[in-house]
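Here are the chains, one letter per residue:
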Amino acid sequence: MIIADDESLSRDMLQAQLMEISPNLVQLSIVALCATGRRTIESVEELCPDLLFLDINMPDGDGMAVAKAMYANRARAPRIIFTTAHAEHAAEAFEVEAVDYLLKPIQSDRLKRAIERVLDLQKAGEHAPAPRMIAIPVLGGIEMLDANSIEWIEADGDYVRVHAGTRSFHFRKTLSAFAADFQPLFRQTHRSYLVNLDQVVRLIPKPKGEALLQTRSGGDIPVSRSHRHVIEDLMPE
């Protein structure tokens, strides 16, 4: 792996954190430390790492420009985890299929989850499709969540509550905006609900053309009569 950051203290701190979690997770090998965008690109081309920790604000080619250049030839590009003090570039991180987006100061548990996500992708195989990631604002940073792990989303005014297994996240975004960004993964079954049909394990018909969907973690999602067409293929004959 390569660590790219123009601040030597940040490079040293990240290196120390990685070495601390390495014995309990996987043997990690850091092959280069880079301070500029140009040097990062050169090192990636020369050393072919499988993972790149990439700061955004760097001289001679900022991190986002570096990532976009690599994304153009992504068959040979390493997995990228952004490390930055600025949350406003999270949306751009999706465009280059970043694995995660860590905010400084980097918390060890978030770093560990990011490494685990890289390992999961490696196990899935190099030809596995890149997950669609969602930037979730959380206390102390940004949580990068695989959209496929989300079971359902419910509206709460100008906010939504996203449910992924036993975890839920509440943040400012309208349900309609969420639906527009992630169709056809999420289907609207009610004016206040979006559901990932791949996470549905049971369908319960109700009177008056309504229904109830049960998800893997036990969530009960209503299907209104006006949205019944969404689940017609799932309904019993």
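Everything discussed here concerns the structure shown above.
Note that the structure is predicted; figures quoted are calculated from it, not measured.

Next up on the list: the sheet that holds strand β14 (residues 211-215). Across the sheet, which stays open at both edges, the 3 strands sit in the order β13-β14-β15 with antiparallel pairing between neighbours. Among the strands making up the open sheet, the edge pair consists of β13 (200-205) and β15 (220-223). Looking at each pair of strands side by side, their axes are set apart by 25° on average, direction ignored. Direction of pairing for β14 relative to β15: antiparallel, over a ladder of 4 bridges. Bridging across to β15, Leu 213 finds its partner in Ile 221.

What follows covers unusual backbone geometry. A cis amide bond links Lys 104 with the next residue in sequence, Pro 105, at an omega value of -5°. By secondary structure assignment, the location of Pro 105 is in the loop between β5 (100-103) and α5 (108-124). Even without a glycine there, the phi angle at Asp 60 is positive, about 60°. Inspection of the secondary structure puts Asp 60 in the loop between β3 (51-54) and α3 (63-71). On the accessibility criterion, Asp 60 (43% relative accessible area) is partly exposed.

Across the sheet, 5 strands lie side by side as β2-β1-β3-β4-β5; this open sheet has parallel pairing. Sheet topology places β2 (32-34) and β5 at the edges, where each strand pairs with a single neighbour. Going across the sheet, the axis of each strand differs from the next one's by a mean of 15°, ignoring polarity. Summarising the sheet, strand β1 (residues 2-4) and β3 pair through 3 bridges and their orientation is parallel. When the bridges of β3 are listed, Ile 3 appears paired with Phe 53. In the packing of helix α2 (residues 37-47) onto the sheet, contacts are made with β1, β2 and β3, and the angle to β2 comes to roughly 160°. Packed onto the sheet, α3 meets β3 and β4 (79-84) and runs at close to 170° relative to β4.

Let us look at the packing of α2 against α3. Interhelical geometry of α2 versus α3 gives an angle of 30° and a closest axis separation of 9 Å. Classified by the interaxial angle, the pair formed by α2 and α3 is roughly parallel. Note on packing geometry: the crossing formed by α2 with α3 is right-handed. Residues Gly 37, Thr 40, Ile 41 and Val 44 of α2 form the contact with α3, whose participating residues are Val 66, Ala 69 and Met 70.

This brings us to the packing of aromatic side chains. Within this structure, the stated rule accounts for 5 aromatic pairs. Here the aromatic rings of Phe 82 and Tyr 101 are separated by 6.1 Å at their centres, their planes lie at 50°, and the arrangement is tilted. Taken as a pair, Phe 82 in strand β4 and Tyr 101 in strand β5 lie far apart in primary sequence, 19 residues in all. We note that Phe 82, like Tyr 101, is buried. Geometrically, the ring pair formed by Phe 182 and Phe 186 is edge-to-face, given 6.3 Å between the ring centres and 70° between the ring planes. Judged on exposure class, the residue Phe 182 and its partner Phe 186 are both buried.

Conventions used here
Residues numbered from 1 in each chain as written. Predicted model: local features only at pLDDT ≥ 70, side-chain atom pairs only at ≥ 80, totals over all residues. Heavy atoms only, no water. Pairing = 2+ DSSP bridges. Helix = DSSP H or I, 4+ residues; strand = E, 2+ residues; numbered from the N terminus. Axes fitted to C-alpha atoms, helices over the stretch in contact; angles between N-to-C directions. Buried < 20%, exposed > 50% of the residue type's maximum accessible area, 1.4 Å probe, protein only. Contact = heavy atoms within 4.5 Å. Parallel < 35°, antiparallel > 145°, perpendicular 65-115°, else oblique. Left-handed = near helix turned anticlockwise from the far one by under 90°. Phe/Tyr/Trp six-rings, centres within 6.5 Å; stacked < 30°, edge-to-face > 60°.

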